[in-house]
Amino acid sequence: MSAVPSTVHLLFFYFFAAMTIASALLVVLLRNIVQSAFALFFTLFGVAGIYILLGADFVGVTQVLIYIGGVMILIVFGVMLTHNSYSVDIFNRLGTLVMGTISAIVTFTIIYYAIRQVPWRLIGYKASIPTTRPIGTLLMTDYLLPFELASVLLVLAMVGAAYLIRSELRVGKERKDRDKRGAGLERKDA
Amino acid sequence: MVDHVTVLIYALMCVVVFAVLLTTVAFLTLAERRISAFMQDRLGPNRVGPWGLLQPVADGIKFIMKEDIVPREANRLLYIVAPLMTIVPALLTFAVVPFGHDLFLPGRVINFQIANFNVGILYIFAIAAMGIFGIIIGGWASNNKYSLLGGLRSASQFISYEIAMSLAVIGVLMVYGSLRLNNIAQYQGSLWFGFLPKWGILVQPLGFIIFIVSVYAETNRVPFDLPEAEAELVGGYHTEYSSMKFAFFFMGEYANMITASALLATLYFGGWQVPYLHNIGFIFPGMGMLAMPQWLVAIIEVLSFAVKVGFFLFLFLWVRWTLPRFRFDQLTDLGWKVLIPLALLNVVITAVLIVLRVL
């Protein structure tokens with residue numbers, strides 16, 4: 001429970017930090033979108049590692065479960081199903097490069113000052129304390145409203161997605177019916 | 001404070017568990033072929049060594065000696081990395097599985113578990129989710145339409161069944177109130193109505209059925225082995241793979257089966273528990289007790305765990321050689337329209353029973 005992290009702790013921290021930053025750079029710089037997605041895998045994994053080093057075991061594991069197990073798979077799925085999207089050269093033009101640099105600097109500055117402003121309370125380096133019980137209790141008491149609002153948001157997103165697909169199915173069906181009716185006509189034209 | 005002897009003991013345990021896991025994978029491939037042969041009234045491989053027991057060794061040598069082909073049009077880097085991304089998570093998941101009661105030695109407590117991780121069950125789900133990534137990447141990197149289809153099937157199947165599986169486990173977590181696999185196993189030793197051991201299968205029968213079906217889908221086994229349906233996809237995501245790279249995919253699948261069986265045993269069949277066996281021996285409610293030394297209890301518990309895992313592994317093989325394969329639309333229908341609603345129902349029923357203090 002010392003105030004100074006152990007050497008092993010530090011080594012792991014630098015390992016995960018280097019992994020996160022290097023793979024994040026690869027995500028941006030690689031020209032092949034599937035390879036970018038693959039690099040993103042290591043970025044998310046590195047962030048999860050840092051969470052766990054910080055003692056946030058639940059957040060760390062959830063990060064892997066949701067981002068790598070869900071979001072990443074969906075991204076890769078989308079990329080692969082999009083026709084030829086993986087052979088398109090997606091590297092940015094000069095204009096977007098300038099815009100990107102500016103927005104990156106602005107974002108970095110905001111985050112930097114936000115971090116400097118917060119009065120951090122150092123609790124020292126403890127062996128992992130279970131965080132699941134306090135998180136569960138807090139979600140069901142103090143933060144019940146935001147928690148429920150988040151689920152409402154998710155339900156909205158789900159209903160929206162289902163509606164979009166439904167309408168596409170309906171259009172597809174109408175087109176099929178029309179094709180069926182007009183089939184004889186079209187054949188005559190051809 | 002961590003002392004060096006404890007570190008040494010755990011390091012040794014890592015080596016032993018790893019060796020046992022890999023050996024089990026090797027012999028599971030043999031068991032699969034032999035048992036399938038017996039089910040189909042054949043003999044199976046019985047020439048290498050007594051009863052064919054050396055067959056895995058021969059297979060291993062053959063895998064290493066085979067030519068390792070990388071297709072010219074494949075994405076070379078991802079093609080090589082993909083098998084590793086499948087096998088490493090598959091072997092990592094076993095780290096949090098407990099296989100015995102804590103051992104109290106003078107001065108220290110030894111967990112029969114490599115890592116008594118606080119969020120053990122979530123850890124398994126998270127790492128298993130990483131394994132599926134290797135399959136998708138491998139399918140894509142091969143630059144072969146059958147491989148790609150296999151990979152895509154695997155992804156959609158995994159996402160559908162992951163939800164049902166997690167929801168089924170929520171029931172277990174509600175009953176035992178812990179994410180630590182060791183605690184879950186331990187609580188199953190307590191008695192229900194004073195005489196029934198509180199095993200998961202008794203308190204969560206519906207959850208067990210949902211979980212076992214989902215686990216079969218997650219491990220890509222029959223009747224849900226659509227990512228490698230050889231009749232439709234030539235070989236599935238590993239069509240282009242040869243030599244050790246193919247072996248890694250193969251070993252990953254079997255290692256996942258072992259972890260899945262261990263999880264089934266831990267969550268629903270008491271893990272290492274033997275009914276009425278405590279740290280000091282058997283205690284039968286109202287009928288006296290049978291004292292035993294601690295080492296004997298530990299051996300019995302590890303054996304009990306091994307027997308349970310062995311049974312579920314056999315069940316995997318049994319199902320594979322008994323049931324036909326699902327069609328893909330049937331598979332997704334079952335996952336989304338049957339298992340997920342049932343799992344939600346299970347959560348509600350469990351909650352009501354807990355409020356009524358039955359569980």
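Here's what I pulled together on the structure shown here. Here the structure is a predicted model, which is why all the values come from computation and not from measurement.

What follows deals with the overall build of chain B. Along chain B, the regular secondary structure elements total 12 helices and seven strands. Across the 359 residues in chain B, those meeting the buried criterion constitute 54%. Across chain B, the fraction of contacts at a sequence separation of at least 24, relative to all contacts at a separation of at least 6, is 77%. As presented, chain B carries roughly 16000 Å² of accessible surface, and 73% of it is formed by carbon and sulfur atoms.

Turning to the overall build of chain A, a few remarks are in order. Helix and strand content of chain A: six helices and zero strands. Ordered by position from the N terminus, the helices and strands of chain A form the series α-α-α-α-α-α. By the burial criterion, 20% of the 190 residues in chain A qualify as buried. For chain A, long-range pairs separated by at least 24 residues make up 62% of all intrachain contacts whose partners lie at least 6 apart in sequence.

All names here are of chain A. Helix length check: helix α1 (residues 7–29), at 23 residues, gives a terminal C-alpha distance of 33 Å against a target of 33 Å (1.5 Å per residue), a fit within 8%. Phe16, Ala17, Met19, Thr20 and Ser23 are the residues of α1 that are buried. Packed against the buried residues of α1 are α2 (33–53).

The next subject is the environment of B:Gln55. All names here are of chain B. Tracing the backbone shows Gln55 in helix α2 (residues 55–65). Given a relative accessible area of 11%, Gln55 falls into the buried group. Separated by 222 residues in the primary sequence, Gln55 and Leu277 place their C-alpha atoms 38 Å from one another.

Before going further, it helps to examine the pairing of strand β2 (residues 108–112) of chain B. The side chains of a regular strand alternate, residue by residue, between the two faces of the sheet. Residues and elements named next belong to chain B. Here strand β1 (residues 100–105) runs beside β2; their pairing, made up of four bridges, is antiparallel. Note that in β2 the partner of Phe104 across the bridge is Val109. Connecting β1 to the antiparallel partner β2 that follows it, the hairpin turn spans two residues, and Gly107 within it adopts a positive phi of roughly 90°.

Moving on, we get to the nonpolar core. Residue and element names in this part refer to chain B. In terms of nonpolar packing, the biggest core is built from 116 residues, with Ile121, Phe125, Phe133, Phe211 and Leu267 touching the most fellow members. With 16 residues, the single largest contributor to this core is helix α4 (residues 120–141). Counting residues in hydrophobic clusters, the runner-up holds five residues, among them Val274, Leu277, Phe282 and Val297.

This paragraph deals with a nonpolar patch on the surface. There is a patch of nonpolar side chains on the surface, built from B:Val48, B:Leu54, B:Val57, B:Ile61, B:Ile64 and B:Met65 and spanning about 580 Å² of accessible area. In this fold, B:Ile64 is placed in helix α2.

At the interface, 28 residues of chain B touch 28 residues of chain A. Buried surface at the junction of chain B and chain A, summed over both partners, amounts to about 2400 Å²; 84% is from carbon and sulfur atoms. At the junction of chain B with chain A, the criterion picks out zero salt bridges. Where chain B packs against chain A, one counts one residue pair in polar contact (both at pLDDT 80 or more). The set of elements that each furnish at least two residues to the side of chain B that touches chain A consists of α3 (76–92), α4 and α5 (145–176) of chain B. Looking at the side of chain B that touches chain A, the element that brings in the most residues is α4(B), giving 11 residues. Looking at the side of chain B that touches chain A residue by residue, the class counts come to 22 nonpolar, four polar and two charged.

Let's shift gears to the pattern of salt bridges. All names here are of chain B. Evaluated as defined, the whole model comprises five salt bridges over all chains. Close ionic contact of Lys245 with Asp68 constitutes a salt bridge, the shortest N to O distance being 2.6 Å. Of this pair, Lys245 sits in helix α10 (residues 243–268) while Asp68 is found in the loop between α2 and α3, placing the two residues 177 residues apart along the sequence. Judged by relative accessible area, Lys245 falls into the buried class, the value being 10%.

Quick look at the packing of aromatic side chains now. Residues and elements named next belong to chain B. For the structure on display, the rule yields 24 aromatic pairs over all chains. One aromatic cluster is present, formed by Trp199, Phe208, Phe211, Tyr268, Phe269, Phe311 and Phe312 through successive ring pairs. When the ring centre of Tyr146 is taken as reference, the NZ or CZ atom of Lys145 above it lies at 5.9 Å.

In this section: the environment of B:Ala291. Residues and elements named next belong to chain B. For Ala291, the location among the structural elements is in strand β7 (residues 289–291). A relative accessible area of 61% places Ala291 in the exposed class. Through-space distance from the C-alpha of Ala291 to that of Asn279 is 9.3 Å; in sequence the pair is 12 residues apart. Each residue touching Ala291, except ones within four places of it in the same chain, is listed here: Ile280 and Gly281.

Our next topic: the side chain of B:Ser36. Residue and element names in this part refer to chain B. Note that Ser36 resides in helix α1 (residues 4–39). A relative accessible area of 3% means that Ser36 is categorised as buried. Ignoring anything within four residues of it in the chain, the contact list for Ser36 reads Ala31, Arg42 and Trp321.

All names here are of chain B. Judged by pairing direction, the sheet is antiparallel, and its three strands sit side by side in the order β5-β6-β7 without closing on themselves. A strand with exactly one partner marks an edge of an open sheet, and here the two such strands are β5 (277–278) and β7. For strand β6 (residues 281–283) and β7, the ladder comprises three bridges, and the chain directions are antiparallel. The residue bridging Phe282 from the neighbouring strand is Leu290, located in β7.

So, on to α4(B). For α4(B), with 22 residues, the first-to-last C-alpha span of 32 Å sits near the 32 Å given by 1.5 Å per residue. Looking one or two places after α4(B), you find B:Asn143, whose phi comes out positive at around 60°.

Procedures and definitions
- Residues numbered from 1 in each chain as written.
- Chains lettered and ligands numbered in written order.
- Predicted model: local features only at pLDDT ≥ 70, side-chain atom pairs only at ≥ 80, totals over all residues.
- Heavy atoms only, no water.
- Helix = DSSP H or I, 4+ residues; strand = E, 2+ residues; numbered from the N terminus.
- Buried < 20%, exposed > 50% of the residue type's maximum accessible area, 1.4 Å probe, protein only.
- Contact = heavy atoms within 4.5 Å.
- Areas by Shrake-Rupley, 256 points an atom, 1.4 Å probe, with all protein chains shown as cover.
- Expected span 1.5 Å × (residues − 1).
- Pairing = 2+ DSSP bridges.
- Core = buried A, V, L, I, M, F, W, Y, C linked by side-chain atoms within 4.5 Å.
- Patch = residues over 30% accessible without salt bridge, like charges linked within 9 Å, V, L, I, M, F, W, Y side chains within 5 Å.
- Salt bridge = Lys/Arg side-chain N within 4 Å of Asp/Glu carboxyl O.
- Buried area = accessible area lost by both parts, 1.4 Å probe.
- Polar contact = N/O pair within 3.5 Å; in protein donor to acceptor, adjacent residues only side chain to side chain.
- Nonpolar A, V, L, I, M, F, W, Y, C, P; charged D, E, K, R; others polar.
- Phe/Tyr/Trp six-rings, centres within 6.5 Å; stacked < 30°, edge-to-face > 60°.
- Lys NZ or Arg CZ within 6 Å of the ring centre and 35° of its normal.

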